Amino acid sequence: MQRRTKKPRLRRLVIPTLGLIAGLGTLEVARRLYQARRLFSPERFPEGDWDAENLGLPVEDVWFGTEDGIELHGWWMPHPKARATLLLCHGHSGSIAHRVEQFKGLFDHQLSLLAFDYRGYGNSDGRPSEKGLFRDVRAAYDFLTEVIGEEPERIVLVGQSLGGAVAIDGALHRPVAGLVVQSSFIDVKALARSAHPGLPMHLIAKNQFRSIDKVEHLPMPKLFIHGTADQVIPIEHGRALYERAAAPKQFLAVPGADHHDVPDCGGETYFSRLAGFVDLCTRAA
């Protein structure tokens, strides 16, 4: 009769450990996939309309560096009769070369613009990350004030979608006359819950972008804009940011607008309201 032997102790330790490592590896892969698809979806040069002669805007290519040594690219669009200057933080996809119509609408309301691409987007170096994008907006602001010479009292930060979270963090670390947050979210975990109800996707959200914890510490005037039919980031996110934000603050709901067509649906009302808010900010400053 053959005697039964106990499994070696080493095997009892190794197999669960390998399983844990494999599980953690799978989680990290899932995090990266979620991050890439939901947060960072850059397009690189030459995708988009990069021909300045066809833009109908006085575009100047500008380059500037971040505190961690990344070189970023942007467009400086000075208006000869500017009422103020907007520092623009775009959304998670594409690049500045995909937003020419939006820039034109703003410029036509006597606003100078500095639009830039985050690291890994357009003509900018590097790879996107939460901390990296926060560094990028600070670098753009420093370029605008130190090189171009714009006064903080004439600068309004504007962020759309992911750019809203970037602009909020920028306003937390640099003085500005005002802040516009369009179609943005509370934080990444709340966004994951909204996008995947019933699924625990929020558990694998690696980045945080916790705007909800920052808006109550921002003293400058704030305008929150959101489409009532936004299927990417529900309007409840915009309302929650507005409710938590410190005064002074305003909220503009654009009827029927989805995530990417807020200016189109809002039309002249949208641009006039934004320009009026900018005037209010610069007068208050």
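Above this note sits the structure.
All of these numbers come straight from a predicted model, not from anything done at the bench. (Residues numbered from 1 in each chain as written. Predicted model: local features only at pLDDT ≥ 70, side-chain atom pairs only at ≥ 80, totals over all residues. Heavy atoms only, no water.)

1. Considering the overall build of the chain
Along the backbone of the chain there are seven helices and ten strands. Burial analysis of the chain (285 residues in total) assigns 49% to the buried set. A separation of at least 24 residues holds for 71% of the contacts in the chain among residues at least 6 apart in sequence. If you sum the accessible surface of the chain, you get close to 14,000 Å²; carbon and sulfur atoms cover 53% of it. (Helix = DSSP H or I, 4+ residues; strand = E, 2+ residues; numbered from the N terminus. Buried < 20%, exposed > 50% of the residue type's maximum accessible area, 1.4 Å probe, protein only. Contact = heavy atoms within 4.5 Å. Areas by Shrake-Rupley, 256 points an atom, 1.4 Å probe, with all protein chains shown as cover.)

2. A few points about the sheet that holds strand β7 (residues 155-160)
Within a sheet, each strand pairs with its neighbour through backbone hydrogen bonds, oriented either parallel or antiparallel. Taken together, the eight strands give an open sheet; going across it, the order is β2-β3-β6-β4-β7-β8-β9-β10, and neighbouring strands pair in mixed fashion. The sheet is open, and its two edges are formed by β2 (60-65) and β10 (249-254), each paired on a single side. With direction set aside, neighbouring strand axes in the sheet form an average angle of 20°. The sheet contact formed by strand β4 (residues 84-89) and β7 spans five bridges and is parallel. (Pairing = 2+ DSSP bridges. Axes fitted to C-alpha atoms, helices over the stretch in contact; angles between N-to-C directions.)

3. Quick notes on the environment of Phe116
With respect to the helices and strands, Phe116 occurs in strand β6 (residues 111-116). Of the residues examined, Phe116 reaches a relative accessible area of 0% and is grouped as buried. C-alpha of Phe116 to C-alpha of Asp61: the two residues are 55 residues apart in sequence and 9.7 Å apart in space. Apart from residues no more than four positions distant in its own chain, Phe116 is found in contact with Phe64, His73, Gly74, Leu87, Leu88, Cys89, His90, Ile96, Asp136, Val137 and Ala140.

4. Looking at the packing of helix α3 (residues 130-148) against helix α4 (residues 162-173)
In the contact formed by α3 and α4, the axes pass within 9 Å of each other and the chain directions differ by 60°. One element, α3, and the other, α4, form an angle in the oblique class. Both α3 and α4 take part in a crossing whose hand is right-handed. Residues Leu133, Phe134, Val137 and Arg138 of α3 lie in contact with α4, whose contacting residues are Leu162, Ala165, Val166, Asp169, Gly170 and His173. By residue class, the composition of the contact of α3 with α4 is six nonpolar, two polar and two charged. (Parallel < 35°, antiparallel > 145°, perpendicular 65-115°, else oblique. Left-handed = near helix turned anticlockwise from the far one by under 90°. Nonpolar A, V, L, I, M, F, W, Y, C, P; charged D, E, K, R; others polar.)

5. Quick word on the nonpolar core
Core analysis: the largest hydrophobic core is formed by 48 residues, its most contacted members being Leu87, Leu157, Leu179 and Phe209. With eight residues, α3 is the single largest residue contributor to this core. (Core = buried A, V, L, I, M, F, W, Y, C linked by side-chain atoms within 4.5 Å.)

6. Focus: the environment of Lys104
Its place among the elements puts Lys104 in helix α2 (residues 100-107). On the basis of relative accessibility, which here comes to 28%, the residue Lys104 falls in the partly exposed class. Separated by 49 residues in sequence, Lys104 and Leu55 have C-alpha atoms that sit 8.3 Å apart. Excluding residues that lie within four positions of it along the chain, Lys104 makes contacts with Leu55, Gly56 and Leu57.

7. Points about the pattern of salt bridges
Between side chains of opposite charge, a pair can form when the charged atoms approach closely. What the rule picks out here adds up to 13 salt bridges. For the salt bridge of Asp68 with Arg119, the shortest nitrogen-to-oxygen distance reads 2.8 Å. Within this pair, whereas Asp68 is found in the loop between β2 and β3 (71-77), its partner Arg119 is found in the loop between β6 and α3, the two being separated by 51 residues in sequence. Since its relative accessible area comes to 35%, Asp68 is described here as partly exposed. Overall, Arg119 belongs to the buried group, its relative accessible area being 5%. One salt bridge connects Lys214 with Asp169, and the closest N-O pair in it is separated by 2.8 Å. Pair noted here: Lys214 is in the loop between α5 (188-195) and β9 (222-227) and Asp169 is in helix α4, with a separation of 45 residues, a long-range link. (Salt bridge = Lys/Arg side-chain N within 4 Å of Asp/Glu carboxyl O.)

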